[in-house]
Amino acid sequence: MTVIDQIESIAQQALKNLYSLDAVGKNILINETKPEFEGDYTIVLFSLVKPLKRSPEIIGKELGDFLINGHPQFFSSYNVIKGFLNLVVAEKVWTNFLFQNFNNENFGNKEKTGRKVMVEYSSPNTNKPLHLGHLRNNFLGWSVAEIYKANGFDIVKTCIANDRGIHICKSMIAWQLFAKGASPQSTGIKGDHFVGDYYVLFGNELKKQVDEMVANGVNKEQAEKEAPLMKAAQQMLIDWEAGKPDVLELWKTMNSWVYAGFDETYKRIGTDFDKIYYESNTYLLGKDLVEYGLKKNVFFQKDDGSVWIDLTKEGLDEKIVRRKDGTAVYITQDIGLAQQKYEQYKCDLSIYVVGDEQNYHFKVLKLICEKLQIPSAENIFHLSYGMVELPSGRMKTREGSVVDADDLLDEMHNEAEKKTKEQGKTEGFSNDELNELYETIGVGGLKFFLLRVDPKKRMLFNPEESIDLHGYTATFIQYAYARLKSILRKEAANVTRSMTDDTENTLFPLEKMLITIAEKYPVIINQACEEMNPSVIANYIYNLAKTFNSFYAEHSVANAESQEKKTLRLQLCNLTAITIRNAMTLLGIKVPERM
RNA sequence: GGUCCGGUAGCUCAGUUGGAUAGAGCAACAGCCUUCUAAGCUGUGGGUCAUUGGUUCGAAUCCAAUCCGGAUCACCA
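Here the residue numbering is sequential within each chain, running from 1 through the sequence in written order. Whichever chain is written first is A, and whichever ligand is written first is 1; the rest continue in order. For this predicted model, a pLDDT threshold of at least 70 governs which residues receive local features, and a threshold of 80 or more governs which side-chain atom pairs are given and counted, while totals over whole chains, interfaces and linings are taken from all residues. The basis for the side-chain values is all heavy atoms of the structure; hydrogens and waters are excluded.

K.L.:
Hey, could you run me through the pattern of salt bridges in this one?
P.N.:
If charged atoms from side chains of opposite charge come close, those side chains can pair. Throughout this description, the term salt bridge denotes a Lys or Arg side-chain nitrogen within 4 Å of a carboxyl oxygen of Asp or Glu. Evaluated as defined, the whole model comprises 30 salt bridges. The partner of Glu491 in a salt bridge is Lys566, and the shortest N-O contact between them spans 3.2 Å. Of this pair, Glu491 sits in the loop between helix H19 (474–490) and helix H20 (492–495) while Lys566 sits in helix H24 (residues 563–587); the two residues are 75 residues apart in sequence, bridging distant segments of the chain. Only protein chains enter the accessibility calculation, which uses a 1.4 Å probe; a residue whose area is less than 20% of its type maximum is buried, one above 50% is exposed, and one in between is partly exposed. With a relative accessible area of 14%, Lys566 lands in the buried category. The network of salt bridges with common partners includes Glu146, Lys149, Lys157 and Asp272. Helix and strand definitions here come from DSSP, where helices need a minimum of 4 consecutive H or I residues and strands a minimum of 2 consecutive E residues; each element is numbered from the N-terminal end.

See below:
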């Protein structure tokens, strides 16, 4: 039980005994005490004034006396300032916490809940390589899943590969016309980039055709529809759906190139999945649900035969679920897939990590699923994140203003290498170790940069800031960790030296601050989970690392004032190191033993 | 136009179930390495929390209006 939980339950009991007041949950507000006042936690008394019909000062005095007298081993003193009851938690409470947890490698992770969560993320199109936006998605989805795991949930990480459709056909047509049989193997180009190049080529060649047609007097809209290249792509999609062997063959080949490329990138950034769905398998799902919905009057049919749902009562619009030609639209397969996911995994919560441009789509999806009474429809949750923008504005594929994921990772790696060499601290590292360190710093830096911001908000990606290795960055935290490990290596024998509960210790402010911050870690994990927000953890670890750095500058561990102090500080270092490592793991960021 | 989201220091962001004098990093300036890693530490300056009104003991936080920015409202995915 965390300290704040204990205070809450003690305070509730006290209010009951003192005033017969049942203060449940929100009735009682406990904050961390502001640094400028004496105390660890503060009970805000204003909300008690009315029910108790007493002044805040009197309540503070009475409650404070009662708490101190009733729990002398828990509270050491209190003070009341205006309507705030500041409580000083006994030092023993903090040191006991340290003695009990300093060697707990699993610190912060919760017991199994028996509940299961599915997180769908990444979900790329297979016609072009990953870019910066995908990275935010990948980091966020992976991290949220890990956060759920740390909170005791079973997790299923999934991905839907958008492996069919007109976009793939465009790459395929361009390859057929212009590649002369080239392949990633023959050119040495990474598969996803190779296929992406033909997608871009298609766009360029199409534009030429359209321009020419426009010059010959065709209007632009019509030209875009009727250009030979576009016709060819559309025909290819029809052939694909008809199962034409040579089209399927090429489709499989080109997708396999893309997957090989993706796998490389996924491996590098630590993305993994328990189950991958392929759109080519799921795009027909949901068709029977349309019939079902019609029967149940959830959907209605228009005169032209198209099928719709009326969501105007919910403040939305009418939405089509089947075209007049009988083919399904995008949302139809999503409904089918939602149903399939539930049948296969029976998750208590199904999270979709998808950009906020699809907020409307997911509102509609969830509503339709609920109306069709698909099991667990109410547990569909769209984890909506903001777009990543560049200083020059939004990324646009057509304008080539896209930041490529692989390029960016290389840049981060190189920057890490450059800065590490400047530091000159890596004597004795093998080449493999050096390379690993550059990846740890480079990839970690990028992850932290993208995860430290509230996912809901769109964010600005400034390349210069992203490669900064100072201040509020992964490097700062990794550096603190390397320092900790350096101390702990040298004093390994002393770390586990036993300290008894009755050892007298007077904690210095920075020692105490470190303990109290570490002690909050379980609360933070919980909060990050409830908010589905890794930035909560990023903020927290930065704060912990920063406090450690101050402590490090102020106090010596190896040359502590006494053997007892030394042992206490070693234990504190051990707990801090474990907490940093565990928290960074939830963000998917590695920490180095040395740097 | 309808709906939704956002506006906090020069820049990037915390802080929003209403609580004390609104915090970090970057950038600027001034200090700190004979002692466990200076990728660090300490300090200084920097604010009409978009604007206006309201709710109350108390508002960056809640409500309303206005201004500004973004997303979305396809028989696209």
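So that's the structure; there's more coming.
K.L.:
Would you mind showing me how to read empty space enclosed by the protein here?
P.N.:
Gaps left between atoms show up when a probe the size of a water molecule is rolled over them. Cavities and pockets were defined on a 1 Å grid built over protein atoms only: a cavity is a set of grid points that admits a 1.4 Å probe from which the probe cannot escape, a pocket is an open set flanked by protein on both sides within 12 Å along at least five of seven lines, and lining residues are those with an atom within 4 Å of any such point. Grid points are joined across faces, edges and corners, and a volume is the space filled by probe spheres set on the points. Going through the model one piece at a time under the given rule, you end up with five cavities of 30 Å³ or more. As for the largest cavity, its lining consists of 15 residues, and the residues nearest its centre are Ala338, Tyr342, Ser350, Ser376 and Ile380. Going through the elements one at a time, helix H14 (330–345) and strand S11 (349–355) are the ones with two or more residues in the lining of the largest cavity. By volume, the second largest cavity amounts to about 50 Å³. Gly445, Phe448, Phe449, Arg452, Glu465, Ser466, Asp468, Tyr472, Thr473 and Ala474 together form the lining of the second largest cavity. For the lining of the second largest cavity, the secondary-structure elements that each account for two or more residues are helix H17 (431–451) and helix H18 (463–466). At three residues, the largest contribution of residues to the lining of the second largest cavity is made by H17.

K.L.:
Help me understand helix H22 (residues 521–531) in this model?
P.N.:
For an α-helix, the turn length of 3.6 residues means that residues three or four places apart are oriented alike. Of the residues making up H22, those classed as buried are Tyr521, Pro522, Ile524, Ile525, Ala528 and Cys529. Summarising the axial view, the buried residues of H22 lie within an arc of 160°, below the 170-degree limit, and thus occupy one face. By definition, residues are in contact when any of their heavy atoms lie within 4.5 Å. Looking at the buried residues of H22, the elements they touch are helix H5 (132–150), helix H21 (509–519), helix H23 (535–554) and H24. By arc we mean the arc of the directions from the helix axis to the C-beta atoms, nothing more.

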